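Architecture at a glance
Chain by chain, the residues run as shown.
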4 protein chains.
Amino acid sequence: MVFFYRRFLPLDVCIYAFGAENDASSSNLAIPLSNLERLVKILCTAIRFNERLFGRTFDYERSYGEELIVTPRGRMKIGEAENRYAVMGIGVIVGETPLYFDGVNEWGLCAAALNFPQYAVYGVGKNARAGVSSAHLISLILGFCRSCEEARDMLSHISVSAEGADEKTPPTPLHWMLSDPRSSLVVEPLASGLSVLDNPVGVLTNSPRFDYHLARLADLTALSPRNPLAKNAAPLYSRGMGAIGLPGDFSSSSRFLRAAFLKECCDCTSGGGGQNKADCTSGGVGQAFDILSSVAIPRGAVLSDGGEAVFTRYSALMDMDSPTYYLTTAACRTVRKAILTDSLCEGQHIVKFPIYREEIIAEI
Amino acid sequence: MVFFYRRFLPLDVCIYAFGAENDASSSNLAIPLSNLERLVKILCTAIRFNERLFGRTFDYERSYGEELIVTPRGRMKIGEAENRYAVMGIGVIVGETPLYFDGVNEWGLCAAALNFPQYAVYGVGKNARAGVSSAHLISLILGFCRSCEEARDMLSHISVSAEGADEKTPPTPLHWMLSDPRSSLVVEPLASGLSVLDNPVGVLTNSPRFDYHLARLADLTALSPRNPLAKNAAPLYSRGMGAIGLPGDFSSSSRFLRAAFLKECCDCTSGGGGQNKADCTSGGVGQAFDILSSVAIPRGAVLSDGGEAVFTRYSALMDMDSPTYYLTTAACRTVRKAILTDSLCEGQHIVKFPIYREEIIAEI
Amino acid sequence: MVFFYRRFLPLDVCIYAFGAENDASSSNLAIPLSNLERLVKILCTAIRFNERLFGRTFDYERSYGEELIVTPRGRMKIGEAENRYAVMGIGVIVGETPLYFDGVNEWGLCAAALNFPQYAVYGVGKNARAGVSSAHLISLILGFCRSCEEARDMLSHISVSAEGADEKTPPTPLHWMLSDPRSSLVVEPLASGLSVLDNPVGVLTNSPRFDYHLARLADLTALSPRNPLAKNAAPLYSRGMGAIGLPGDFSSSSRFLRAAFLKECCDCTSGGGGQNKADCTSGGVGQAFDILSSVAIPRGAVLSDGGEAVFTRYSALMDMDSPTYYLTTAACRTVRKAILTDSLCEGQHIVKFPIYREEIIAEI
Amino acid sequence: MVFFYRRFLPLDVCIYAFGAENDASSSNLAIPLSNLERLVKILCTAIRFNERLFGRTFDYERSYGEELIVTPRGRMKIGEAENRYAVMGIGVIVGETPLYFDGVNEWGLCAAALNFPQYAVYGVGKNARAGVSSAHLISLILGFCRSCEEARDMLSHISVSAEGADEKTPPTPLHWMLSDPRSSLVVEPLASGLSVLDNPVGVLTNSPRFDYHLARLADLTALSPRNPLAKNAAPLYSRGMGAIGLPGDFSSSSRFLRAAFLKECCDCTSGGGGQNKADCTSGGVGQAFDILSSVAIPRGAVLSDGGEAVFTRYSALMDMDSPTYYLTTAACRTVRKAILTDSLCEGQHIVKFPIYREEIIAEI
């Protein structure tokens with residue numbers, strides 16, 4: 001029941017993707033997805049820190065049983081095609097297919113899916129017949145593209161369909177952030193079709209649309225990591241008063257603003273110990289995790305309507321220069337890492353690694 | 001040149017403290033300490049999480065060379081007395097005396113010193129003649145008191161003098177938070193003398209005075225970790241919108257408000273994995289460090305007037321139930337710990353442990 | 001050089017409008033109007049208070065020489081047609097044509113133009129060939145429509161052209177709010193054409209687009225005119241603490257939020273003295289002006305980049321039930337009014353009234 | 001049951017004041033006045049605009065039947081003394097004594113009483129035996145002092161007693177702002193006695209204490225009536241964005257901050273039409289009323305716990321240069337005025353003028 005579309009990459013290679021053969025778009029999701037409120041659950045933040053590091057938090061009240069999944073070249077079917085490039089990232093396997101929440105491929109292209117409730121519209125636009133389900137979009141992009149530029153080209157030929165991950169599952173409303181060493185993109189499924197925009201800020205959270213967050217960022221123009229010049233009857237009582245007005249709650253808008261401000265202030269390249277760029281595995285990674293911690297949700301700070309704690313289950317960093325996945329979790333602060341080695345890229349099988357591990361407590 | 005005062009604890013034990021023999025109070029610090037602006041450098045947050053855990057961040061642009069210092073019983077002179085109880089905490093050693101920034105003693109009594117610029121007034125009040133320098137106050141309290149109650153009693157007999165840690169050093173403007181399993185206190189040196197107040201919130205940051213922060217906390221009354229009921233033309237676009245208004249900057253007031261809100265929302269007893277109270281060394285500690293991370297300053301987010309980054313160098317947790325010191329630093333996210341064992345309490349010498357260690361990066 | 005389009009109102013009456021005969025859309029304004037920053041000057045707020053009263057402020061650093069202009073039936077040419085309905089409102093006369101900033105017509109239909117810099121796109125969309133200049137849109141709507149419903153129908157057949165008020169004047173970036181006793185509309189010239197939306201809030205200010213302001217309104221969901229229940233260590237210190245978080249500055253976004261909150265809280269129907277709806281000329285008008293005062297800009301509170309004060313020059317209320325124009329100005333707080341009488345509607349000439357009059361100071 | 005104290009003004013004139021003869025202080029009000037919550041009703045703002053104009057709003061859910069009251073010289077008994085100077089202001093008459101909410105005397109000294117719930121402490125301090133009730137303090141100050149300096153001197157000899165306006169009425173918790181052409185003072189009855197401070201900001205609202213409001217004012221240091229320099233990915237969308245962060249609600253703290261910001265930005269001397277200082281009866285008065293309007297409470301924006309609207313009943317301005325009282329009310333926007341003429345100063349009787357008058361609506 002799928003048809004395949006074919007297009008020519010600059011590489012002259014065929015790519016195929018899911019698509020409903022019949023005019024299924026008429027049965028696709030209406031705007032807004034208000035009847036999918038129950039899906040409006042995941043709060044996430046994605047940040048491109050610099051030309052090496054891309055990161056994200058994953059904030060939810062339940063675990064999907066997500067694991068770190070490595071898909072070697074050619075071991076994942078997307079439509080009738082097999083993935084050209086190896087992918088490493090966090091997700092779940094449904095049937096035999098990895099559904100990635102985020103990941104980095106062997107070319108250093110990174111992607112993260114973030115919840116986009118009430119705004120995601122699937123199965124519309126000029127490419128409505130060449131749709132891929134939202135659950136498979138990252139697999140498609142990371143499996144077949146080497147850069148944001150290639151992904152932008154691919155995305156100009158497809159849409160996101162209203163199919164779920166499988167027949168029992170309704171589609172999750174999502175939008176995506178892509179990053180490579182040169183740029184980052186925001187991909188949003190809107191009523192007018194699939195919007196692909198440059199991301200001048202390097203941050204994405206959740207609903208509303210990216211242009212909302214970007215416009216609101218102007219409200220922070222006067223904020224600064226430096227204190228203002230005292231100018232009136234009341235002397236400054238603290239350092240850090242130049243950023244008064246920065247929001248501290250965990251709504252999608254406030255996390256966007258906080259992440260954008262901190263990312264601009266904090267140079268992750270030099271890291272915590274003055275390391276140069278090549279050392280980003282130590283200083284830069286620590287610095288980037290510190291920023292992610294500033295937008296991470298402690299358990300209890302956000303509750304669902306049902307009273308369950310929505311908290312940051314994992315925070316991830318991906319090295320775009322030498323594909324590596326760094327991870328901390330609510331269960332364990334210690335940074336763990338996995339390198340996408342050549343042998344992993346060439347493996348015979350999809351490999352999974354559990355991510356929620358015991359806290360490591362070392363001796364002082 | 002010091003005189004000694006004697007008082008009777010409920011235990012009928014003598015305690016001695018520094019004090020200027022002559023009427024040195026006339027040479028003591030004026031109000032406000034505006035000429036000490038150069039000392040106004042340290043931003044810190046202290047939180048009593050529950051009946052077991054007390055924590056603090058230490059935010060500064062330079063290192064004092066601070067280390068974890070264990071002082072066994074009787075190995076530290078405060079005035080002419082020797083410490084009755086063993087103390088473990090972070091600080092520096094000047095001369096042969098540990099100057100503690102914070103610490104926990106063998107009875108589980110904890111203390112943290114926090115910068116209090118423009119507001120600290122030393123060498124005044126009815127006990128002006130029985131003064132201890134601000135640098136030694138924690139050593140005095142933790143060395144001779146077993147509880148907040150005993151500390152309150154001791155503090156009713158002394159003042160904080162305008163002496164520095166040594167003759168070359170001007171005094172640092174400080175106030176203090178004390179905590180034991182039953183209560184916490186705020187100790188502030190004011191123009192009217194040494195103020196000792198119960199801390200109903202369990203949070204302290206920096207200037208202005210504690211009553212300012214407490215009054216302002218009323219502004220957050222309506223905030224909640226739950227979303228409000230949607231009631232107008234604009235639907236809620238995110239979870240976490242019930243806490244919109246929570247400040248996100250790093251000024252002392254905003255850190256106070258954020259810490260107080262998060263501490264109230266987040267139950268550190270149950271921890272990250274549903275552990276019971278006895279397990280606080282894993283879940284509870286992780287949860288408490290997550291809250292400290294929410295008020296920690298990433299490198300670059302606050303700059304001094306000279307452009308240096310003022311950032312969280314270390315975050316500490318102290319277990320009041322079985323005296324233990326937990327630590328993470330800007331250099332290493334992994335939690336490290338040291339237990340105040342009987343053999344340490346009975347040691348012959350003050351022992352020091354370096355705290356800034358390499359990042360640990362484990363394999364996934 | 002204009003062509004005329006014809007359409008059938010429910011009344012089966014011809015309406016004509018300006019339009020560039022040639023495909024002038026190619027020469028029309030690009031997005032965004034960043035080169036028109038110098039036009040980005042006017043801050044305004046429009047509010048539909050209830051089924052009788054529609055109001056607006058006009059905030060600018062210069063006067064255009066605006067006056068109250070009454071256009072009797074048939075005395076104003078819009079394209080080749082003459083206005084069917086009499087109009088009263090504030091504006092200027094260029095050539096022989098009134099350019100209304102706002103107004104009410106004999107049917108009680110009201111309109112206000114508000115600055116829409118960086119977002120207004122003219123001369124695009126499916127009706128690009130049937131364009132009316134932004135300066136003439138209110139004249140067209142109030143001259144030929146009796147209700148929002150009729151205006152919506154008309155607007156579905158036209159676009160806003162990139163012409164200025166005359167050949168020397170570049171077009172002003174504008175969007176509009178319309179109101180009748182049953183509803184209100186927001187009209188925005190966007191890249192996709194002329195957007196006409198119901199206004200569920202009854203407020204409009206300036207850029208960004210209306211959907212931005214509407215989405216952000218969700219941030220105020222928890223605010224209330226009542227105090228919250230005190231729930232933590234800090235007692236409430238004031239009434240009015242339930243609305244903490246309401247912004248108080250004069251940016252377009254903050255005025256939108258403040259106006260929307262106040263309009264929802266304050267029932268202008270009952271007015272200041274308990275009058276019923278029929279008495280809105282006293283109590284209701286006073287109450288509505290009080291709300292406009294809350295979003296009005298005192299002289300000095302907003303400065304242009306050149307240092308000129310941008311302030312509220314006039315605040316107007318229009319009675320949609322019996323067409324009347326109420327006015328207060330920066331020069332005079334006393335409410336002045338003009339009624340659109342039958343004799344004015346049937347007049348032979350356009351009539352003008354000066355609006356900036358001396359302060360009236362009465363004896364107590 | 002009163003005793004009289006005598007002191008020597010620079011004028012060598014006796015002043016007398018109420019005072020409980022016996023040690024009534026023991027029966028005086030405890031801290032805090034939590035059992036007087038029902039009195040915590042009035043929200044007010046007082047502003048000294050410049051060397052001529054002092055103003056205030058009066059915000060309450062009920063009318064006391066207040067009127068404009070002129071007390072000629074010698075026609076009001078305060079204790080056993082009679083007022084030396086004529087006073088004009090708003091208040092009520094209890095028995096035969098005017099209780100002024102605010103007023104100006106023939107020397108241009110102005111005073112306003114503002115609610116100070118939970119913080120006012122009466123009947124304490126070194127002058128506890130020479131107390132005047134809070135209800136009579138303005139009459140005492142304006143009746144016997146010609147300047148802030150003289151008032152400061154008088155206040156150093158008295159306290160505020162815990163008596164109400166009469167035997168049936170409990171005392172209202174109040175603090176006061178005084179103003180003359182050269183300075184302004186804040187007078188607060190605290191646990192440590194009557195505090196008299198210079199007011200460097202020229203604004204007072206309600207609880208908490210003045211030092212709280214002053215400290216918090218530092219949070220606004222970076223705000224400006226000018227737009228900041230655009231510096232990031234999001235262009236400024238409006239003028240007035242330099243003051244984002246200014247609070248817009250009507251709590252005492254937010255009104256203080258808003259009033260202080262607007263007063264600093266807005267030069268009331270030049271007024272609405274460029275008039276010079278001598279013209280303050282037109283331009284300056286209008287400008288000052290515009291600022292008062294920005295902190296005035298529209299009916300409905302604040303509700304009492306019982307659901308009654310707490311709104312600005314009147315806004316007043318007093319000319320310190322040539323004693324005059326200007327007034328607008330919720331019932332009538334038109335400015336009304338009364339001049340404290342020589343003949344009024346020399347009158348035989350206290351004279352009252354009703355203040356709530358019909359709206360004046362003039363023709364355009």
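Residues numbered from 1 in each chain as written. Chains lettered and ligands numbered in written order. Predicted model: local features only at pLDDT ≥ 70, side-chain atom pairs only at ≥ 80, totals over all residues. Heavy atoms only, no water.

Looking at the interface of chain A and chain C
Facing the seven residues of chain A at the interface are seven residues of chain C. Sorting the residues of chain A by area buried against chain C places Tyr212, Ala215 and Arg216 of chain A first, and these three jointly supply 69% of that buried surface. Salt-bridge contacts for Asp219 of chain A lead to Arg216 of chain C; the nearest nitrogen and oxygen are separated by 3.1 Å. For the side of chain A that touches chain C, a count of residues per class yields four nonpolar, no polar and three charged. (Contact = heavy atoms within 4.5 Å. Buried area = accessible area lost by both parts, 1.4 Å probe. Salt bridge = Lys/Arg side-chain N within 4 Å of Asp/Glu carboxyl O. Nonpolar A, V, L, I, M, F, W, Y, C, P; charged D, E, K, R; others polar.)

A word on the sheet that holds strand β20 (residues 361-363) of chain D
Judged by pairing direction, the sheet is mixed, and its seven strands sit side by side in the order β15(C)-β1(C)-β2(C)-β16(C)-β17(C)-β18(C)-β20(D) without closing on themselves. The outermost strands of the open sheet, each flanked by one partner alone, are β15 (203-204) of chain C together with β20 of chain D. Where strand β17 (residues 324-329) of chain C lies against strand β18 (residues 335-339) of chain C, four bridges are found, and the strand directions are antiparallel. Residue pairing in the sheet places Tyr326 of chain C in a bridge with Lys337 of chain C of β18 of chain C. Packed on one face of the sheet, helix α4 (residues 252-265) of chain C meets β1 (43-48), β2 (53-60) and β15 of chain C and runs near 20° to β1 of chain C. (Pairing = 2+ DSSP bridges. Helix = DSSP H or I, 4+ residues; strand = E, 2+ residues; numbered from the N terminus. Axes fitted to C-alpha atoms, helices over the stretch in contact; angles between N-to-C directions.)

Brief notes about the relation of the copies chain A and chain C
The transform that puts chain A on chain C rotates by 180° and translates by 0.0 Å along the axis, for an RMSD of 0.0 Å. A rotation of that kind, with that shift, is consistent with a two-fold axis. Looking at the rotation axis and the C-alpha trace of chain A, the residue lying nearest is Tyr212 of chain A, at 3.1 Å. A shared interface surface links the copies, since 100% of the contact residues of chain A are contact residues in chain C too. (Least-squares fit on C-alpha atoms with pLDDT ≥ 70 in both.)

A look at the sheet that holds strand β1 (residues 43-48) of chain B
Within the open sheet, the seven strands sit side by side as β20(A)-β18(B)-β17(B)-β16(B)-β2(B)-β1(B)-β15(B). Their pairing is mixed. Here the strands that pair on one side only, and so sit at the sheet edges, are β20 (361-363) of chain A together with β15 (203-204) of chain B. Strand direction decides the pairing type here: strand β17 (residues 324-329) of chain B and strand β18 (residues 332-339) of chain B, joined by five bridges, are antiparallel. For Tyr326 of chain B, the partnering residue across the bridge sits in β18 of chain B and is Lys337 of chain B. The sheet contacts of helix α4 (residues 252-265) of chain B involve β1, β2 (53-60) and β15 of chain B, and relative to β1 of chain B the element is tilted by about 20°.

Thoughts on the confidence of the model for chain A
All names here are of chain A. For chain A, the mean per-residue pLDDT works out to 85, and 84% of the residues sit at or above 70. Low confidence marks residues 1-40, where pLDDT is under 50. Its contacts with residues over four positions away, or in another chain, come to 90 contacts. Overall fold confidence (pTM) sits at 0.91, and the ipTM for the predicted complex is 0.88. (pLDDT = per-residue confidence, 0-100.)

Details of unusual backbone geometry
Leaving glycine out, the prevailing phi sign among residues is negative, and the prevailing peptide bond configuration is trans. In the segment running from Ser207 of chain A into Pro208 of chain A, the intervening peptide bond is cis, with an omega of -5°. Structurally, Pro208 of chain A can be placed in the loop between β15 (203-204) and α3 (210-217). Residue Gln118 of chain D is not a glycine yet carries a positive backbone phi of 70°. Here Gln118 of chain D lies in the loop between β9 (110-115) and β10 (131-133).

What to know about the packing of α3 of chain A against helix α4 (residues 252-265) of chain A
Residues and elements named next belong to chain A. α4 packs onto α3 with a crossing angle of 55° between their chain directions and a minimal axis gap of 10 Å. Put simply, α3 runs oblique to α4. Helix-helix and strand crossings are classified by hand; for α3 and α4 the assignment is right-handed. Across from Phe210, Tyr212, His213, Leu214, Arg216 and Leu217 in α3, the residues of α4 making contact are Ser252, Ser253, Phe256, Leu257 and Ala260. In terms of residue class, the contact of α3 with α4 is made up of seven nonpolar, three polar and one charged. (Parallel < 35°, antiparallel > 145°, perpendicular 65-115°, else oblique. Left-handed = near helix turned anticlockwise from the far one by under 90°.)

Focus on the interface of chain B and chain A
Each partner contributes residues to the interface: chain B has 77 residues there, and chain A has 77 residues. Across the chain B/chain A interface, buried area totals approximately 6,200 Å², and carbon plus sulfur atoms make up 54% of it. Here chain B is connected to chain A by four salt bridges. When the shortest N-O distance is used, the salt bridge between Arg333 of chain B and Asp290 of chain A registers 3.6 Å. The tally of links between chain B and chain A comes to 23 residue pairs in polar contact (both at pLDDT 80 or more). Those elements that provide at least two residues to the side of chain B that touches chain A are α4, α5 (283-295), β17, β18 and β20 (361-363) of chain B. Taken together, the residues of the side of chain B that touches chain A sort by class into 38 nonpolar, 23 polar and 16 charged. (Polar contact = N/O pair within 3.5 Å; in protein donor to acceptor, adjacent residues only side chain to side chain.)

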